[in-house]
Amino acid sequence: MRKLAVVLLVAILPLFGFSQSVFDKYESMDNVGSVIVNKGMIDLVSKIGAFDDDRETQEFVEVAKGLKGVKVFMTEDKSVSADMAKTVKKYLKSSRLEELMRVKDKDVNVKFYIRNGKKKDHVTELLMFVSGMDDVEIGHKGRKLETVLVSLTGDIDLNKIGALTEKMDLPQDLNKAGGK
């Protein structure tokens with residue numbers, strides 16, 4: 001009976017939001033760079049920024065307070081890029097995300113998806129998927145990126161997303177998201 005209870009508990013835990021993100025598998029891959037910022041770090045940065053009188057910093061703090069997590073995965077490996085595209089496509093089918101906008105420049109494709117929040121102009125998830133990059137170098141070793149996946153979760157005010165993109169050095173195209 002105890003085994004049955006444990007099996008049942010393990011089976012239903014994902015339904016309560018304790019499961020990992022479908023994208024977490026990329027965190028352990030050698031050919032994928034990742035930045036994972038959890039709620040504790042976001043809260044710490046918010047508290048530090050609260051003492052700054054700069055308007056942009058205050059907007060950043062307001063946006064950051066609503067965040068639960070930030071995940072960024074990037075790779076130059078074409079096979080991992082293909083897997084990321086497949087995983088994003090599968091995730092979009094099973095989630096309630098809707099496309100916000102697309103940007104195409106030569107071979108580079110940038111797609112933004114959102115899950116609407118309870119308030120107008122607020123979202124609970126913002127997903128950005130960038131593919132087709134060939135000549136974007138990062139770091140001092142000249143690493144070239146092919147694909148970038150960014151996931152923001154929490155209570156995100158689209159009208160204030162510009163402050164977040166500037167402070168985190170995210171693509172400026174996110175600023176257009178507020179204009180929905």
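Nothing here was measured: the structure is a model prediction, and the numbers come from that model.

K.L.:
Just give me the short version of the nonpolar core, but keep the residues and values in it.
P.N.:
One broad trend across soluble globular proteins is that nonpolar side chains are buried collectively. Membership of the largest hydrophobic core comes to 22 residues, with the highest contact counts inside it found for Val-148 and Leu-152. Broken down by secondary-structure element, the contributors of at least two residues to this core are helix H3 (55-66), strand E2 (67-75), strand E4 (108-116), strand E5 (122-138) and strand E6 (143-157). Apart from residues lying up to four places away in sequence, Val-148 is in contact with Val-72, Phe-73, Met-74, Met-128, Phe-129, Val-130 and Met-133. If you look at the next biggest cluster of nonpolar residues, it comprises 14 residues, including Val-32, Val-80, Leu-97 and Phe-129.

K.L.:
I'd love a proper account of the environment of Gly-40, names of residues and values included.
P.N.:
Topologically, Gly-40 is positioned in helix H2 (residues 39-49). The spacing of Gly-40 and Lys-68 is 28 residues in sequence and 8.7 Å in space, taken between C-alpha atoms.

K.L.:
I'd like a description of the side chain of Ser-81, backed by residues and values.
P.N.:
On the secondary structure map, Ser-81 appears in helix H4 (residues 78-94). Setting aside residues up to four positions removed in sequence, Ser-81 forms contacts with Thr-75, Glu-146 and Thr-147.

K.L.:
How would you sum up the pattern of salt bridges? Please name residues and give values.
P.N.:
Considering all chains together, one arrives at six salt bridges under this definition. Close ionic contact of Asp-24 with Lys-71 constitutes a salt bridge, the shortest N to O distance being 2.6 Å. One end of the pair, Asp-24, is in the loop between helix H1 (2-12) and strand E1 (32-38); the other, Lys-71, is in strand E2, with 47 residues separating them in the sequence. Accessibility expressed as a relative area gives 14% for Asp-24, which makes it buried. Close ionic contact of Asp-83 with Lys-25 constitutes a salt bridge, the shortest N to O distance being 3.2 Å. One end of the pair, Asp-83, is in helix H4; the other, Lys-25, is in the loop between H1 and E1, and 58 residues separate them in sequence.

K.L.:
Describe in detail unusual backbone geometry, supporting the description with residues and values.
P.N.:
Despite not being glycine, Lys-106 shows a phi value in the positive range, around 55 degrees. Inspection of the secondary structure puts Lys-106 in the loop between strand E3 (98-105) and E4. Backbone geometry at Asp-121 places phi at a positive 65 degrees, although glycine is not the residue there. Residue position: Asp-121 is located in the loop between E4 and E5. In this structure Asp-121 comes out as partly exposed when scored by relative accessible area, which is 23%.

K.L.:
So what's going on with H4? Which residues, and what values?
P.N.:
An α-helical turn contains 3.6 residues, so a residue and the one three or four places further along point in the same direction. Between its first and last C-alpha atoms H4 spans 25 Å; for 17 residues at 1.5 Å apiece the expected length is 24 Å, and the two agree. Buried within H4 are the following residues: Val-80, Ser-81, Met-84, Thr-87, Val-88, Tyr-91 and Leu-92. Taken down its axis, H4 places every buried residue within 135 degrees of arc, on the same side. Exposed residues lying more than 90 degrees from the buried face of H4 are Lys-78, Ser-79, Lys-86, Lys-89, Lys-90, Lys-93 and Ser-94.

Basis of the calculations
Residues numbered from 1 in each chain as written. Predicted model: local features only at pLDDT ≥ 70, side-chain atom pairs only at ≥ 80, totals over all residues. Heavy atoms only, no water. Core = buried A, V, L, I, M, F, W, Y, C linked by side-chain atoms within 4.5 Å. Buried < 20%, exposed > 50% of the residue type's maximum accessible area, 1.4 Å probe, protein only. Helix = DSSP H or I, 4+ residues; strand = E, 2+ residues; numbered from the N terminus. Contact = heavy atoms within 4.5 Å. Salt bridge = Lys/Arg side-chain N within 4 Å of Asp/Glu carboxyl O. Expected span 1.5 Å × (residues − 1). Arc of directions from axis to C-beta.

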